[in-house]
Amino acid sequence: MDYKKTNAPLNTQTRDLISMSEDTGNVYETVCIIAKRSNQIAGEMKHDLEKKLQEFASLSDNLEEISENREQIEISRFYERLPKPTLIATQEYIDHKIHFRNPSKDNINLD
C-alpha cells in the first residue's frame, strides 16, 4: 500500500484493542502484527526520504556553499506532515489490508 495515499488519521485516536483482536484472538499478537507493519512502513519512508534528499547532497562541504534549499525544506515538510507509521499500520489492519500468519498455529506437517 502506498503510504502517501492512506486515509489514516493524522492524530492519535483511542482504539478498542479487544474488538481489533477478534481476527487473531490475542491482543498481544494483534499489537505485534501492527508493530511489524509499522516498522516496514517506517523503513520505506526513510528509504524514500533519503533517496530524495540524496539529490541535494554535495561532495564538498564549504561554509559558503551551505545554504537553505527551498526544495529540500519542502520535501522534509511533506514527510513531517504524513501520518505516523503506527497510525498507517493500524488503519491498514482495521481495513483488512495486512496479510499475516502465525507459523505456530499453522497445521503444516513437515514429515
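What counts as what
- Residues numbered from 1 in each chain as written.
- Predicted model: local features only at pLDDT ≥ 70, side-chain atom pairs only at ≥ 80, totals over all residues.
- Heavy atoms only, no water.
- Helix = DSSP H or I, 4+ residues; strand = E, 2+ residues; numbered from the N terminus.
- Buried < 20%, exposed > 50% of the residue type's maximum accessible area, 1.4 Å probe, protein only.
- Contact = heavy atoms within 4.5 Å.
- Core = buried A, V, L, I, M, F, W, Y, C linked by side-chain atoms within 4.5 Å.
- Salt bridge = Lys/Arg side-chain N within 4 Å of Asp/Glu carboxyl O.
- Axes fitted to C-alpha atoms, helices over the stretch in contact; angles between N-to-C directions.
- Parallel < 35°, antiparallel > 145°, perpendicular 65-115°, else oblique.
- Nonpolar A, V, L, I, M, F, W, Y, C, P; charged D, E, K, R; others polar.

Chemist: Sorry, what's going on with the overall build of the protein here?
Modeler: If you tally the helices and strands in the protein, you get four helices and zero strands. Residues classed as buried in the protein amount to 24% of the 111 residues present. Pairs at least 24 apart in sequence give 77% of the contacts found in the protein among residues at least 6 apart.

Chemist: I'm lost on the nonpolar core in this one. Help?
Modeler: It is characteristic of soluble globular proteins that their nonpolar side chains tend to be buried jointly. Judged by nonpolar contacts, the single largest core of 13 residues is most densely connected at Tyr3, Ile34, Ile41, Met45, Leu82, Ile88 and Tyr93. For this core, the elements supplying multiple residues, two or more each, are α2 (27-54) and α4 (85-94). With four residues, α2 is the single largest residue contributor to this core.

Chemist: Just to check I follow, could you spell out the pattern of salt bridges for this structure?
Modeler: Where charged atoms from two side chains of opposite charge approach closely, those side chains can pair. Counted according to the given criterion, the structure contains three salt bridges. One salt bridge in this structure joins Glu74 and Arg77, with 3.5 Å as the shortest N-O distance. Of this pair, Glu74 and Arg77 both sit in helix α3 (residues 70-81), separated by three residues, roughly a single helical turn. Residue Arg77 is classed as partly exposed on the basis of its relative accessible area, which comes to 38%.

Chemist: Explain the packing of α2 against α3 to me, please; I cannot follow it from the model alone.
Modeler: The relative placement of two packed helices is expressed as an angle between their axes plus a distance between the axes. With their axes 10 Å apart at the nearest point, α2 and α3 run at an angle of 170° to one another. The orientation of α2 relative to α3 falls into the category roughly antiparallel. Within the contact between the two elements, α2 uses Met45, Asp48, Leu49, Lys52 and Leu53 and α3 uses Gln72, Ile75, Ser76 and Tyr79. Considering only residue class, the contact of α2 with α3 consists of five nonpolar, two polar and two charged.

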